[in-house]
Amino acid sequence: MASVHTALPPEIANNVIRLYRECLRRARYVGHKQHNTKLVVGMVREQFKKNMHEKDPEMIQKFKDDAARGLINHIIYESEKIVGRKFSGQSSSKRLK
C-alpha cells in the first residue's frame, strides 16, 4: 500500500519532529479560528505523546500516515474554502442535473 505522506514534502513527512510541529501549527490555526486553541493543540499533543514509545516500524509508519492524512485533509478543506468548490466528490456534469 502506498504511503499517504508522500503528498507532503519529504522533509516534513520523513521527520517525526517536523511532522509534529506542522500538526501543532495547523492545530493552533484551527483552534484560533474556532476559539478553542488549547483543546485542539492538547489533542494533537496527546496523540503524539501516547505513541512516542512505539518501536514497531510498521506502527510508526501508520501513525505518521495518520498525521499526514490529517494535514492533507486540512489543506484540502482550506483550499476548498478559498476556491469555493469541492475538489473531491461528484463531477461538474453530475452536479448540473
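What this report covers is the structure whose coordinates are included nearby. Just so it is clear, the model here is predicted, and its values are computed rather than measured. (Residues numbered from 1 in each chain as written. Predicted model: local features only at pLDDT ≥ 70, side-chain atom pairs only at ≥ 80, totals over all residues. Heavy atoms only, no water.)

Turning our attention to the nonpolar core. Residues L19, C23, L24, A27, V40, V41, V44, A67 and L71 constitute the largest nonpolar core, which totals nine residues. Contributing elements (two or more residues each) for this core: helix 2 (16-34), helix 3 (37-50) and helix 4 (57-83). Counting residues per element, this core draws most heavily on helix 2, which supplies four residues. Those residues in contact with V41, other than ones at most four positions away along the chain, are L24, A27 and R28. (Core = buried A, V, L, I, M, F, W, Y, C linked by side-chain atoms within 4.5 Å. Buried < 20%, exposed > 50% of the residue type's maximum accessible area, 1.4 Å probe, protein only. Helix = DSSP H or I, 4+ residues; strand = E, 2+ residues; numbered from the N terminus. Contact = heavy atoms within 4.5 Å.)

This part covers helix 4. Taking 1.5 Å as the rise per residue, helix 4 with 27 residues should run 39 Å; its terminal C-alpha atoms sit 38 Å apart, in good agreement. Regarding helix 4, the residues found buried are K64, D65, A67, A68, L71, I72, H74, E78 and E80. Phi turns positive one or two residues past the end of helix 4, at G84, with a value near 90°. (Expected span 1.5 Å × (residues − 1).)

Space inside the largest pocket adds up to approximately 610 Å³. In terms of lining residues, the largest pocket is bounded by 23 residues, among which C23, Q47, F48, F63 and A67 are the most central. When residues of the lining of the largest pocket are traced back to their parent elements, those giving at least two are helix 2, helix 3 and helix 4. Within the lining of the largest pocket, the residues separate by chemical class into 15 nonpolar, four polar and four charged. (1 Å grid on protein atoms, 1.4 Å probe; cavity = no way out; pocket = protein on both sides within 12 Å on 5 of 7 lines; lining within 4 Å. Points joined across faces, edges and corners; volume = space filled by probe spheres on them. Nonpolar A, V, L, I, M, F, W, Y, C, P; charged D, E, K, R; others polar.)

Moving on: unusual backbone geometry. Positive phi outside glycine occurs at H35, with the angle close to 60°. Summarising the element assignment, H35 is placed in the loop between helix 2 and helix 3.

Mapped onto the elements, F48 comes out in helix 3. Expressed as a C-alpha distance, the spacing of F48 and K64, which sit 16 residues apart in the sequence, is 9.8 Å. Other than its neighbours up to four places away in sequence, F48 contacts V16, L19, Y20, C23 and A67.

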